[in-house]
Amino acid sequence: MVAVIGRSGAGKSTLLHVMNGSTPATGGQILYHGYKSHGHEGNGRDILCSNARQWRQWRSEYGMIFQDFCLVPRLDVLTNVLLGRLNHTSTVKFFFKIFSDEDRTRAITLLQWLGLLPQALQRAENLSGGQMQRVAICRALMQNPQLLLADEPVASLDPKNTQRIMEVLRQISENGITVMINLHSIELVRQYCTRAIGIAQGEILFDGPPDRLDESLLRRLYGDEMETLH
Amino acid sequence: MASTILSALIAIVLAFLAANNTRSPLWLRQVIRTGAAFLRTMPELAWAVMFVMAFGVGAIPGFLALALHTVGSLTKLFYEAISTASPKPVRGLVACGAGPVQSVRFGLWPQVKPIILSYVFMRLEINFRQSTILGLVGAGGIGQELITNIQLSRYDQISITLLLIIVVVSLLDSVSSRVRRQILEPRS
């Protein structure tokens, strides 16, 4: 589980938005399934060189969780979760909400895992913030992702729901899915993440285990925001 | 009713193509918006007189006059509603790999469906009343019945026709509010 940390405006969210194509990149590369370092070139592909179809394909390969959940409020929880299969089902079937039994079973299993089965047929707009975020996680997992991007997923949640969501994300990462998460709380980074990347003004200032984050480094990362950290 | 339903279906498609947030090309949006403005600028009565001259007295001129004006007004109302829909559901769906059609179907349509239905019922009511006026210029419908009865001084028939109009308008109002409630109320 990799945390991206830094003060407001450092570029944490921009990084994730560039990765999912909602913000155009001004330069650089995003290499997936490969690496390029020390003169050694892997067989990875540069996401930024994708055409529209390849972008859609790439988006279906990772799951994305947003701070404001981004669910469809008027659809029921089960359908919201099934929307994660969007790119794996034909458009005509999807248009009329025809989902395969396999997909339905998987959606129900995920909802049960996250304790949301009783709410499966309720509209998403009737759920609490913590429940909505768990639905969003289920939707992301429906994509069978190898990578989960989370843009400040606990920023709008109370402490109890924050712990619950972070615990779920930790379990997901222990099941072999890489979780890349933007966090504002150093305490959560130390508690849940195995690697932290600290960025300031688009530059990487730190990349390593969170227990190596000391006071002086945090001061360089956060500057005058240091007092508001917890 | 036929002209309202047909016009509403056409207006829904046009409105999604004319809205700012559906990734449709700018030139297409401009063409649809200008076309819709032209259709609703001409009053139904003017359309009806034109079509009566072209097709003669009957139901067709009334149908076309109502349909054209309704497409113009509903397209405008619908695309305004679509443009103000929340972008969050669409953002979530695009992140799942949704294309433009899928984003519209699941991101925008559930949000605007109650508003669109509301407008369709309101328009149905307006068109029903309007059809009585169009009948006066020979464009068919219940207005044609009314004017014939007035000309023949059949006051009992006139009363029944007027009563029928009142009953149908009230019925439409109650049906529309029930359907709206059914759609708007969250399932428990």
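Residues numbered from 1 in each chain as written. Chains lettered and ligands numbered in written order. Predicted model: local features only at pLDDT ≥ 70, side-chain atom pairs only at ≥ 80, totals over all residues. Heavy atoms only, no water.

### Regarding the overall build of chain B
Secondary structure summary: chain B contains eight helices and zero strands in total. For chain B, the sequential pattern of α-helices and β-strands runs α-α-α-α-α-α-α-α. Buried residues in chain B amount to 46% of all 188 residues. Taking the contacts inside chain B whose residues are at least 6 apart along the sequence as the reference set, 68% of them involve residues at least 24 apart. As displayed, chain B offers around 9500 Å² of accessible surface, 70% of which is attributable to carbon and sulfur atoms. Looking at charge distribution, chain B has the averaged site of its 16 positive side-chain charges lying 16 Å from that of its 7 negative ones. (Helix = DSSP H or I, 4+ residues; strand = E, 2+ residues; numbered from the N terminus. Buried < 20%, exposed > 50% of the residue type's maximum accessible area, 1.4 Å probe, protein only. Contact = heavy atoms within 4.5 Å. Areas by Shrake-Rupley, 256 points an atom, 1.4 Å probe, with all protein chains shown as cover. Lys, Arg positive; Asp, Glu negative; His and termini not counted. Charge placed at Lys NZ, Arg CZ, Asp CG, Glu CD.)

### As for the overall build of chain A
On a plain count of helices and strands, chain A comes out with nine helices and 10 strands. The C-alpha atoms of chain A give 18 Å as radius of gyration, which agrees with the globular expectation for 230 residues (17 Å, within 12%). If you line up chain A on its principal axes, its C-alpha atoms span 55 × 40 × 30 Å. For chain A, buried positions account for 52% of its 230 residues. The contacts in chain A between residues at least 6 apart in sequence include a share of 68% that link residues at least 24 apart. Surface exposure of chain A reaches about 11200 Å², of which carbon and sulfur atoms provide 50%. Averaging the coordinates of the 24 positive side-chain charges in chain A and doing the same for the 23 negative ones gives two points 7 Å apart. (Rg over C-alpha atoms; globule rule 2.2 N^0.38 Å.)

### Digging into the pattern of salt bridges
This model, assessed by the stated rule, comprises eight salt bridges over all chains. Here Arg 219 of chain A makes a salt bridge to Glu 215 of chain A, at a shortest N to O gap of 3.6 Å. Of this pair, Arg 219 of chain A and Glu 215 of chain A are both found in helix H9 (residues 215–222), four residues apart, which corresponds to roughly one turn of the helix. Its relative accessible area of 43% is what places Arg 219 of chain A among the partly exposed residues. Judged by its relative accessible area of 49%, Glu 215 of chain A falls in the partly exposed class. When the shortest N-O distance is used, the salt bridge between Lys 76 of chain B and Glu 80 of chain B registers 3.1 Å. One end of the pair is Lys 76 of chain B and the other is Glu 80 of chain B, both in helix H4 (residues 59–83) and four residues apart, which spans about a single turn. By relative accessible area, Lys 76 of chain B is classed as partly exposed at 29%. (Salt bridge = Lys/Arg side-chain N within 4 Å of Asp/Glu carboxyl O.)

### A short note on the pairing of strand E6 (residues 62–65) of chain A
Residues and elements named next belong to chain A. On E6, burial covers both faces: Tyr 62 and Met 64 on one face and Gly 63 and Ile 65 on the other are all buried. With four bridges connecting them, E6 and strand E7 (residues 147–151) associate as parallel partners. When the bridges of E7 are listed, Met 64 appears paired with Leu 149. (Pairing = 2+ DSSP bridges.)

### Points about the environment of Ser 216 of chain A
Counting through the fold element by element, Ser 216 of chain A comes out in helix H9. In this structure, the C-alpha to C-alpha distance between Ser 216 of chain A and Trp 58 of chain A, residues 158 residues apart in sequence, is 38 Å.

### Comments concerning the domain arrangement of chain A
Many authors give the size of an interface as the accessible area that is lost as the parts come together. All names here are of chain A. Once the domains are mapped, chain A shows domain 1 (1–61 + 146–230) and domain 2 (72–144). With 16 residues of domain 1 at the contact, the number on the domain 2 side is 13 residues. Summing both sides of the interface, domain 1 and domain 2 together bury roughly 1200 Å²; the carbon and sulfur share of this comes to 60%. When the area that domain 1 buries against domain 2 is broken down by residue, the three leading residues are Ser 60, Ile 165 and Val 168, summing to 33%. Across the domain 1-domain 2 interface, the total number found is zero salt bridges. Along the contact surface separating domain 1 from domain 2 lie two residue pairs in polar contact (both at pLDDT 80 or more). Among the elements of the structure, helix H2 (52–59) and helix H7 (159–174) are those that each provide at least two residues to the side of domain 1 that touches domain 2. The residue inventory of the side of domain 1 that touches domain 2, partitioned by class, reads eight nonpolar, five polar and three charged. (Domains from an automatic or database assignment. Buried area = accessible area lost by both parts, 1.4 Å probe. Polar contact = N/O pair within 3.5 Å; in protein donor to acceptor, adjacent residues only side chain to side chain. Nonpolar A, V, L, I, M, F, W, Y, C, P; charged D, E, K, R; others polar.)

### Here's the deal with the packing of aromatic side chains
If you walk through the whole model with that rule in mind, you get five aromatic pairs over all chains. Through successive ring pairs, a cluster of aromatic residues spans Phe 38, Trp 47, Phe 51 and Phe 55 of chain B. (Phe/Tyr/Trp six-rings, centres within 6.5 Å; stacked < 30°, edge-to-face > 60°.)

### Here's the deal with the interface of chain B and chain A
If you look at the interface, chain B gives 24 residues, while chain A gives 29 residues. Taken together, the two surfaces of chain B and chain A that pack against each other cover about 2400 Å², and 60% of this comes from carbon and sulfur. Our count for the chain B to chain A interface comes out at one salt bridge. When the shortest N-O distance is used, the salt bridge between Arg 91 of chain B and Asp 68 of chain A registers 3.0 Å.

### Considerations on the packing of helix H2 (residues 26–41) of chain B against H4 of chain B
Residue and element names in this part refer to chain B. Where H2 meets H4, the closest approach of the two axes is 7 Å, and the angle between their N-to-C directions is 135°. On the basis of the axis angle, H2 is oblique to H4. As for how H2 packs across H4, the hand of that crossing is left-handed. Across the interface between the two elements, Ile 32, Arg 33, Ala 36, Leu 39 and Arg 40 of H2 pack against Leu 68, His 69, Val 71, Gly 72, Ser 73, Thr 75, Lys 76, Tyr 79 and Ser 83 of H4. Tallied by class, the residues present in the contact of H2 with H4 amount to six nonpolar, five polar and three charged. (Axes fitted to C-alpha atoms, helices over the stretch in contact; angles between N-to-C directions. Parallel < 35°, antiparallel > 145°, perpendicular 65-115°, else oblique. Left-handed = near helix turned anticlockwise from the far one by under 90°.)

### A word on the packing of helix H6 (residues 129–141) of chain A against H7 of chain A
All names here are of chain A. With their axes 10 Å apart at the nearest point, H6 and H7 run at an angle of 15° to one another. Classed by the angle they form, the pair H6 and H7 counts as roughly parallel. Where H6 crosses over H7, the handedness of that crossing is right-handed. Taken together, the residues of H7 that come into contact with H6 (itself represented by Gly 130, Gln 133, Arg 134, Ile 137 and Leu 141) are Asn 161, Arg 164, Ile 165, Val 168, Leu 169 and Ile 172. A class-by-class count of the residues in the contact of H6 with H7 yields six nonpolar, three polar and two charged.

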